[in-house]
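Topology and contacts: notes
Each chain, written out:
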Amino acid sequence: MPLRVISLAASADRRERMRTLLDPLGLPWSFFDAVDGRAGRDPGLRRYDDAHRRAAFGTPLRPAEVGCFASHHALWTWCAGQAQPLVVMEDDVDVDPALPALLAWLEPRVAELGLVRLGWVRTRKGWTLPLAAPD
């Protein structure tokens, strides 16, 4: 499964960090130039519904968070249009060295599972996928 890393084009330090983490894993990956929510020019920013966000969570997103939202949305739209699985990461994640094994286990199951969110999210319920699954 291809992997895309959301990152602002100008974020050289973050990009170098991700190269250092991902290159040794041998996975196919590339950067996705993130939408800069502070610039306010990308059409994807219009998809953000501030009233809905405030009603649901009590606070608005900051401009940088709106840009991150627009970046994720652009990749989800591409993924759906291509009918191709895609791993999406932000450029501030920690990458476990077991990621290639997890993705190899996950890839044949994507159609069955649908959207899979990897990571640590304290406030949401979900499944735990094994890092070393028996074949």
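Residues numbered from 1 in each chain as written. Predicted model: local features only at pLDDT ≥ 70, side-chain atom pairs only at ≥ 80, totals over all residues. Heavy atoms only, no water.

1. Considering the nonpolar core
Among the nonpolar cores identified, the biggest contains 18 residues, and Leu3, Val5, Leu22, Leu99 and Leu103 are the most heavily contacted of them. Going through the elements one at a time, strand 1 (3–7), helix 1 (12–22), strand 2 (29–33), strand 3 (87–90) and helix 4 (99–106) are the ones with two or more residues in this core. By residue number, the principal contributor to this core is helix 4, which donates five residues. (Core = buried A, V, L, I, M, F, W, Y, C linked by side-chain atoms within 4.5 Å. Buried < 20%, exposed > 50% of the residue type's maximum accessible area, 1.4 Å probe, protein only. Helix = DSSP H or I, 4+ residues; strand = E, 2+ residues; numbered from the N terminus.)

2. A closer look at the layout of surface pockets
Volume-wise, the second largest pocket comes out at about 330 Å³. Contributing to the lining of the second largest pocket are 17 residues, with Leu8, Arg14, Ala64, Cys68 and Asp91 lying nearest its centre. Elements with a minimum of two residues in the lining of the second largest pocket: strand 1 and helix 3 (63–82). Broken down by element, the lining of the second largest pocket gets its largest block of residues, three residues, from helix 3. Each residue belonging to the lining of the second largest pocket can be placed in one class, and the counts come to six nonpolar, three polar and eight charged. (1 Å grid on protein atoms, 1.4 Å probe; cavity = no way out; pocket = protein on both sides within 12 Å on 5 of 7 lines; lining within 4 Å. Points joined across faces, edges and corners; volume = space filled by probe spheres on them. Nonpolar A, V, L, I, M, F, W, Y, C, P; charged D, E, K, R; others polar.)

3. What to know about the pattern of salt bridges
Within this structure, the stated rule accounts for seven salt bridges. One salt bridge connects glutamate 16 with arginine 19, and the closest N-O pair in it is separated by 3.6 Å. Highlighted residues: glutamate 16 and arginine 19, both in helix 1, separated by three residues, approximately one helical turn. Overall, arginine 19 belongs to the partly exposed group, its relative accessible area being 33%. Residues aspartate 94 and arginine 17 are paired through a salt bridge, measuring 2.8 Å at the closest nitrogen-oxygen approach. Taken together, the residues aspartate 94 in the loop between strand 3 and helix 4 and arginine 17 in helix 1 connect sequence positions 77 residues apart. (Salt bridge = Lys/Arg side-chain N within 4 Å of Asp/Glu carboxyl O.)

4. Description of helix 4
Among the residues making up helix 4, those that are buried are Leu99, Leu102, Leu103, Trp105 and Leu106. In an axial view of helix 4, the angular spread of the buried residues amounts to 160°, which keeps them on one side of the axis. (Arc of directions from axis to C-beta.)

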